[in-house]
Amino acid sequence: DAGITQSPRHKVTETGTPVTLRCHQTENHRYMYWYRQDPGHGLRLIHYSYGVKDTDKGEVSDGYSVSRSKTEDFLLTLESATSSQTSVYFCATQGANSPLHFGNGTRLTVT
Amino acid sequence: AQTVTQSQPEMSVQEAETVTLSCTYDTSENNYYLFWYKQPPSRQMILVIRQEAYKQQNATENRFSVNFQKAAKSFSLKISDSQLGDTAMYFCAFMMWSGGGADGLTFGKGTHLIIQP
């Protein structure tokens, strides 16, 4: 959908290890977002970007960092993964005054 | 800040029935967008329908239509002739007219719709 690729699709990692999730888009959309989805919480915004090297925090940003060195790539890093970060992570992009387009999600399990 | 409320965590209907999912929102803005997204078991997020607040006419996409009541801040989704493939989580979302950013987009917590054969 809208040329958004998330990698990896699934990942299992241990508590305390660093993890990086990647989002790649081919639509040249300005805005990019990282959400996490948990039962009973819907989608919650972690971080977003409004341009290359321009990022800002969302609702649940603690424990996460992001980087956007190119328009097409938006990376989400868990510096030291915790069990509370077990979740499904979605990347989304957005053009001017248009809906969000989502990637297929990454299921992350922290053991 | 905007809020979006979906009061029905789960609904179940028989195939071919019509079902309505409710969504209310709170905003002080006059111009904005509203969306319904569908998330089937495949996990993919699919845009179902969109509504611009300045349009009085309710949006329609095939079997999907909305009842947009701006004064009441209500945005319900009606699915006619429901099909087994409609089984999914449905999310209502609000977007400010200015577009993206952290304050610009808000999702409800979702309604799990089950279509029974």
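I will try to describe carefully the structure that is included in this document. What you see is a predicted model, and the numbers here were worked out from it, not measured in a lab.

1. Notes on the interface of chain B and chain A
With 22 residues of chain B at the interface, the matching set in chain A holds 26 residues. Applying the counting rule to chain B against chain A returns 0 salt bridges. Our count for the chain B to chain A interface comes out at 4 residue pairs in polar contact (both at pLDDT 80 or more). Top contributing element to the side of chain B that touches chain A by residue count: strand β5 (residues 32-39) of chain B, with 4 residues.

2. Focus on the packing of aromatic side chains
All names here are of chain A. For the structure shown, the criterion picks out 19 aromatic pairs over all chains. Considering the side-chain rings of Tyr-35 and Phe-102, the 6.2 Å spacing of their centres and the 45° angle between planes classify their relative orientation as tilted. Residue Tyr-35 is found in strand β4 (residues 31-38), and its partner Phe-102 is found in strand β10 (residues 101-102); the two are separated by 67 residues along the sequence. Phe-102 matches Tyr-35 in its accessibility class, with the two residues each being buried.

3. Focus: the nonpolar core
The tendency in soluble globular proteins is for nonpolar side chains to be buried as a group. In this structure, Leu-21, Tyr-25, Trp-36, Phe-75, Leu-77, Tyr-90 and Leu-113 of chain B are the most contacted members of the largest nonpolar core, which totals 27 residues. For this core, the secondary structure elements donating two or more residues are β2 (10-14), β3 (19-21), β5, β6 (46-52), β8 (64-69), β9 (74-79), β10 (88-96) and β12 (111-116) of chain B. Among the elements that line this core, the one with the most residues is β10 of chain B, at 5 residues. In this view, Phe-75 of chain B contacts Leu-21, Cys-23, Tyr-25, Leu-34, Phe-35, Trp-36, Gln-51, Val-66, Asn-67, Phe-68 and Cys-92 of chain B; residues no more than four positions away in its chain are not counted. One finds Ala-92 and Leu-100 of chain A together with Ala-93 and Met-95 of chain B within the second-largest nonpolar core, a separate group that totals 20 residues.

4. A short note on the side chain of Thr-111 of chain B
Residue and element names in this part refer to chain B. Here Thr-111 is to be found in strand β12. Among the residues examined, Thr-111 registers a relative accessible area of 0% and is labelled buried. In contact with Thr-111, not counting residues within four places along its chain, are Gln-6, Gln-8, Pro-9, Glu-10, Met-11, Leu-21, Ala-88, Met-89 and Tyr-90.

5. Considerations on unusual backbone geometry
Cis geometry is found at the peptide bond from Ser-7 of chain A to Pro-8 of chain A, where omega equals -5°. Within the secondary structure layout, Pro-8 of chain A lies in the loop between β1 (4-7) and β2 (10-13). The residue Ala-16 of chain B is not glycine, and still its phi comes out positive at about 80°. Secondary-structure assignment places Ala-16 of chain B in the loop between β2 and β3. Its identity as a non-glycine residue notwithstanding, Arg-43 of chain B has a phi of 85°, on the positive side. Relative to the helices and strands, Arg-43 of chain B is located in the loop between β5 and β6. Given the relative accessible area of 10%, Arg-43 of chain B is considered buried.

What counts, and where the lines are drawn
- Residues numbered from 1 in each chain as written.
- Chains lettered and ligands numbered in written order.
- Predicted model: local features only at pLDDT ≥ 70, side-chain atom pairs only at ≥ 80, totals over all residues.
- Heavy atoms only, no water.
- Contact = heavy atoms within 4.5 Å.
- Salt bridge = Lys/Arg side-chain N within 4 Å of Asp/Glu carboxyl O.
- Polar contact = N/O pair within 3.5 Å; in protein donor to acceptor, adjacent residues only side chain to side chain.
- Helix = DSSP H or I, 4+ residues; strand = E, 2+ residues; numbered from the N terminus.
- Phe/Tyr/Trp six-rings, centres within 6.5 Å; stacked < 30°, edge-to-face > 60°.
- Buried < 20%, exposed > 50% of the residue type's maximum accessible area, 1.4 Å probe, protein only.
- Core = buried A, V, L, I, M, F, W, Y, C linked by side-chain atoms within 4.5 Å.

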